[in-house]
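Reading the structure
Residue strings, one per chain:
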Amino acid sequence: MPFRANDAGVAIAVRLRPGASANRIDGIQTLADGGVCLSVRVTAVPEKGKANQAMIKLLAKAWHVPRGNLAVIAGAKERNKTLFLQGEPGAQMHMLNEWRRKYAPIED
């Protein structure tokens, strides 16, 4: 799964596709190297952090968490990113796994 709990929250592997025709979460995707990530598309262009901010806004709304609890911690200028969701890890993992079961089927 793209979700990894640690002491302060959950790290989330994300593949962001900026410049899309619509903002949407495509689901969980298996990459060519065997890694797994959450696939996200946003209409924002990848300049001055606009696409990252659009991704954070989209995911915060989908997960019903404050935007301030989400931050890009790796890959800010890359398509493959690590996003951090701050909060109690057990509760955040439970919420993310419930959300995944309902809305984010695994793609190949």
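Residues numbered from 1 in each chain as written. Predicted model: local features only at pLDDT ≥ 70, side-chain atom pairs only at ≥ 80, totals over all residues. Heavy atoms only, no water.

Tallied over the full model, the rule gives four salt bridges. Put simply, R24 and D26 hold a salt bridge, and the shortest N to O gap is 2.5 Å. Note on D26: relative accessible area 16%, which makes it buried. Between K50 and E47 there is a salt bridge, with the nearest N and O atoms lying 3.6 Å from each other. For K50, a relative accessible area of 44% corresponds to the partly exposed category. (Salt bridge = Lys/Arg side-chain N within 4 Å of Asp/Glu carboxyl O. Buried < 20%, exposed > 50% of the residue type's maximum accessible area, 1.4 Å probe, protein only.)

This next bit is on the packing of aromatic side chains. This structure, assessed with the given rule, holds one aromatic pair. Look at W63 and W99: their rings are 5.7 Å apart centre to centre, the planes differ by 85 degrees, and that puts the pair in the edge-to-face class. Highlighted residues: W63 in helix α1 (residues 50–63) and W99 in helix α2 (residues 89–103), separated in sequence by 36 residues. Accessibility assignment for this pair places W63 and W99 in one class, buried. (Phe/Tyr/Trp six-rings, centres within 6.5 Å; stacked < 30°, edge-to-face > 60°. Helix = DSSP H or I, 4+ residues; strand = E, 2+ residues; numbered from the N terminus.)

With 14 residues, α1 extends 20 Å between its outermost C-alpha atoms, agreeing within 8% with the 20 Å of an ideal straight helix rising 1.5 Å per residue. Every buried residue belonging to α1 is among A51, N52, A54, M55, I56, L58, L59, A60 and W63, and all of these are buried. Immediately beyond the C-terminal end of α1, within one or two residues, lies H64, with a positive phi of roughly 55 degrees. (Expected span 1.5 Å × (residues − 1).)

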